Amino acid sequence: MSSGKKRKKKATVRVLVSLLFLAAVLILVLLFEPASDGMSLFQKLWEKDTPTETQTQETQEALDTETELAEVSEVYEPKIVTVTISAAGDCTFGPTHRRGYEGTFHEYYDNYGKDYFFKGVKELFEKDDFTLVNLECALTNAEAHMDKEFCLKGRPEYAQILPAASIEGVTMANNHTQDYFEQGLEDTKNAVTQAGVEYAFYDKDGTYTTEDGITIGFVSSSFLSYGADREEHMKNGIARLKEQGVDLIIACCHWGIERTYYPEDYQKNMAHNCIDWGADLVLGCHPHVIQGVEVYQNKPIIYSMGNFCFGGNTNPSDKNSFVYQQTFTFVDGMLQPDIQAKLIPCTISSTLAYNDYQPTIAAGDKKQEIIDLLNTYSKDLSDAYLDEEGNLVVNSSDMELQSEME
């Protein structure tokens with residue numbers, strides 16, 4: 001190659017290098033030369049791609065929140081608590097004032113002690129959370145009594161029969177707790193209280209709190225002399241319990257006509273009122289025989305539980321009885337609308353030949369007989385009925401309708 005061509009090639013290379021150098025300088029000037037806002041292009045690009053301290057903090061807080069929500073969602077489980085209550089009818093711990101000693105409740109107590117009477121059902125009561133019966137007598141040593149055909153009383157020590165049988169509550173608004181006047185009534189209240197048993201009597205409401213923290217409230221009123229004052233006792237009692245914030249309300253009504261198997265119209269009206277006022281369950285006593293079951297506004301009404309441990313008669317002709325048992329479910333403290341209930345057929349005596357004052361769970365033909373009778377007594381009250389095991393069956397469409405209303 002000639003020397004002229006070599007010089008020309010070197011000149012071309014020098015020009016290209018110079019151009020590249022100028023281009024590099026121009027780029028650096030554009031990147032780092034401040035603009036009118038005082039910031040170079042390089043700074044703007046850097047800040048665009050690099051998050052500020054505030055942005056970094058906000059991003060981290062958002063991530064932390066998402067993590068906490070995810071953790072809560074994963075570990076949250078509703079708190080479910082169930083409470084089972086058992087209820088039975090008239091318990092009279094002593095004979096009438098006209099009776100002698102032989103064959104009476106007194107003789108059985110002296111011979112067999114306080115654990116004898118509920119031996120046949122004690123295991124049932126021990127397994128529940130709360131047992132409630134109607135105490136229909138005075139527990140007193142007072143002698144002066146009302147001028148009436150049947151005055152009923154037992155010794156004050158008989159109150160110990162209740163806790164021995166795992167009975168936590170009694171209703172006392174009936175037509176016999178005042179048979180021995182005010183002295184007999186006060187003695188009865190004291191005896192029951194000293195035995196560690198809750199009671200309800202008109203304006204005195206009963207409350208009991210289970211081991212799981214569910215508070216049960218119960219109101220007791222007699223409607224035998226029906227009037228506005230008696231209705232107010234029940235209405236005000238339910239209102240007081242609601243104001244206290246109890247979890248479960250039981251309305252206990254002493255009503256009806258003795259030895260009749262169907263409720264009177266006023267019983268049905270009163271039962272519906274109790275539920276409309278806020279009761280979750282209505283329990284009835286007084287007729288000394290069993291009556292039917294109704295479900296109103298998805299709440300059970302037991303019109304009469306009959307006699308149970310009944311010392312007022314040595315041999316009543318009708319010995320049919322039952323224990324009403326219901327399990328209530330609470331989810332996060334809210335009572336659920338489902339009804340899990342059964343009526344456990346019983347007889348008031350372990351023998352049908354006479355009254356030995358020992359209520360016993362019925363079996364075989366006797367069990368079926370009592371279930372059939374209860375279904376007969378209940379059929380015109382509502383669509384609810386008992387299956388062959390005594391479970392309370394509620395029309396599903398009624399429950400769905402009630403759930404929609406709630």
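First, a word on scope: everything that follows refers to the structure included in this document. Just so you know, these numbers come straight off a predicted model, no measurement behind them.

Things to note about helix 7 (residues 181-194)
One full turn of an α-helix is made of 3.6 residues, so residues set three or four places apart face in the same direction.
Logical step 1: For helix 7, spanning 14 residues, the distance from its first C-alpha to its last is 20 Å, which sits close to the expected 20 Å at 1.5 Å a residue.
Logical step 2: Taken residue by residue, helix 7 has Gly184, Leu185, Thr188, Lys189, Ala191 and Val192 as its buried positions. End-on, the buried residues of helix 7 take up no more than an arc of 165°, which puts them together on one face.
Logical step 3: Immediately downstream of helix 7, the backbone of Gly196 shows phi near 80°, a positive value.

What about unusual backbone geometry?
Logical step 1: Phi angles above zero are rare outside glycine, and Ser166 is one such case at about 65°.
Logical step 2: Residue placement: Ser166 occurs in the loop between helix 6 (161-164) and strand 5 (169-171).
Logical step 3: A positive phi is found at Tyr202, a non-glycine position, where the angle reads about 50°.
Logical step 4: When you line up the elements, Tyr202 lands in the loop between strand 6 (198-200) and strand 7 (206-209).

Looking at the state of the cysteines
Logical step 1: Using the criterion set out here, one finds 0 disulfides in the structure.
Logical step 2: The thiol of Cys252 is not disulfide-bonded; the next cysteine sulfur, from Cys253, is found 7.3 Å away.

Quick look at the sheet that holds strand 9 (residues 248-254)
Pairing between sheet strands relies on hydrogen bonds along the backbone, with the strands arranged either parallel or antiparallel.
Logical step 1: Strand order in the open sheet formed by 6 strands is 7-8-9-10-12-11, with mixed pairing between adjacent strands. In the strand order of this sheet, the two ends are held by strand 7 and strand 11 (293-296), each with one partner. Direction aside, the axes of adjacent strands within the sheet are offset by 20° on average.
Logical step 2: Two elements, strand 11 and strand 12 (residues 299-302), share 4 bridges in a ladder whose sense is antiparallel. Looking at the pairing, Tyr296 lines up with Lys299 of strand 12.

A short note on empty space enclosed by the protein
Logical step 1: The tally for this structure, following the rule as stated, stands at 4 cavities of 30 Å³ or more.
Logical step 2: Each pocket or cavity is described by its volume, and for the largest cavity that value is around 90 Å³.
Logical step 3: In the lining of the largest cavity, the residues fall into 9 nonpolar, 5 polar and no charged.
Logical step 4: Taken as a whole, the second largest cavity spans an internal volume of roughly 70 Å³.
Logical step 5: Lining the second largest cavity are 12 residues; nearest its centre among them are Asn298, Lys299, Gln336, Pro337 and Asp338.
Logical step 6: Elements represented by at least two residues in the lining of the second largest cavity include exactly strand 12 and strand 14 (320-331).
Logical step 7: Within the lining of the second largest cavity, the residues separate by chemical class into 5 nonpolar, 3 polar and 4 charged.

Reading guide: rules and limits
- Residues numbered from 1 in each chain as written.
- Predicted model: local features only at pLDDT ≥ 70, side-chain atom pairs only at ≥ 80, totals over all residues.
- Heavy atoms only, no water.
- Helix = DSSP H or I, 4+ residues; strand = E, 2+ residues; numbered from the N terminus.
- Expected span 1.5 Å × (residues − 1).
- Buried < 20%, exposed > 50% of the residue type's maximum accessible area, 1.4 Å probe, protein only.
- Arc of directions from axis to C-beta.
- Disulfide = S-S within 2.5 Å.
- Pairing = 2+ DSSP bridges.
- Axes fitted to C-alpha atoms, helices over the stretch in contact; angles between N-to-C directions.
- 1 Å grid on protein atoms, 1.4 Å probe; cavity = no way out; pocket = protein on both sides within 12 Å on 5 of 7 lines; lining within 4 Å.
- Points joined across faces, edges and corners; volume = space filled by probe spheres on them.
- Nonpolar A, V, L, I, M, F, W, Y, C, P; charged D, E, K, R; others polar.

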